[in-house]
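# Summary of the model geometry
One letter stands for each residue in the lines below.
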Amino acid sequence: MEAAEVDERWSFVGSKTHQRWLWHAIDHLSGVVLAYAFGSRADTVFLELQKLLKPFGLAHFYTDGAGVYERHLPAAVHTVGKRNTQQIERKHLTLRTRVKRLARKTICFSKSVFMHDTVIGLFMNRYEFGT
């Protein structure tokens, strides 16, 4: 694997004021999910995801224009733009369709961070990794 697409997906726990973010990365060529992490939109969660990606030896990252990527990825190995993040955006659509807790307008939501992360994590493991 040479390159990865990295992005974050918004959701909430309890009410929309309690935001929760799913950060994940996929292989740019195959679309296989490499790693994911839950948390806020803070830099620390991206750094946690970056640690999970270290064993893959990725040489390049494709992201959207979020500032966290520009702060923590060297410009030489980072490309910003929608053209190279289409696969991960498609994964977001699949997640939003199949896990109603990720829908923008829904009556299905988690009341605890534990249940939120567990439900989405179980779906990711089952759907992406077959476990």
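Quick summary incoming for the structure in this document. (Residues numbered from 1 in each chain as written. Predicted model: local features only at pLDDT ≥ 70, side-chain atom pairs only at ≥ 80, totals over all residues. Heavy atoms only, no water.)

### A word on the pairing of strand S3 (residues 33-39)
A regular strand places its side chains so that they alternate between the two faces of the sheet. Cut-off, in case you're wondering: Exposed residues in this analysis have more than 50% of their type's maximum accessible area, buried residues have under 20%, and partly exposed residues fall in between, with area computed by a 1.4 Å probe over protein chains only. Per the convention used, a helix needs a DSSP run of H or I reaching at least four residues, while a strand needs a run of E reaching at least two, with both numbered from the N terminus. When DSSP locates at least two bridges between a pair of strands, those strands are taken to pair.
Of all seven residues in S3, seven are buried, a share of seventy percent or more. Of the pairings in the sheet, the one linking strand S2 (residues 15-27) to S3 comprises six bridges and is antiparallel in character. Note that in S3 the partner of Leu 22 across the bridge is Phe 38.

### Side note on the pattern of salt bridges
Counted only if it meets this: One speaks of a salt bridge when a side-chain nitrogen belonging to Lys or Arg is within 4 Å of a carboxyl oxygen belonging to Asp or Glu.
Summed over all chains, the structure comprises three salt bridges. Asp 43 is paired through a salt bridge with Arg 71; the nearest N and O atoms lie 2.8 Å apart. Residue Asp 43 is found in helix H1 (residues 43-53), and its partner Arg 71 is found in helix H2 (residues 67-72); the two are separated by 28 residues along the sequence. Owing to a relative accessible area of 55%, Arg 71 belongs among the exposed residues under this scheme.

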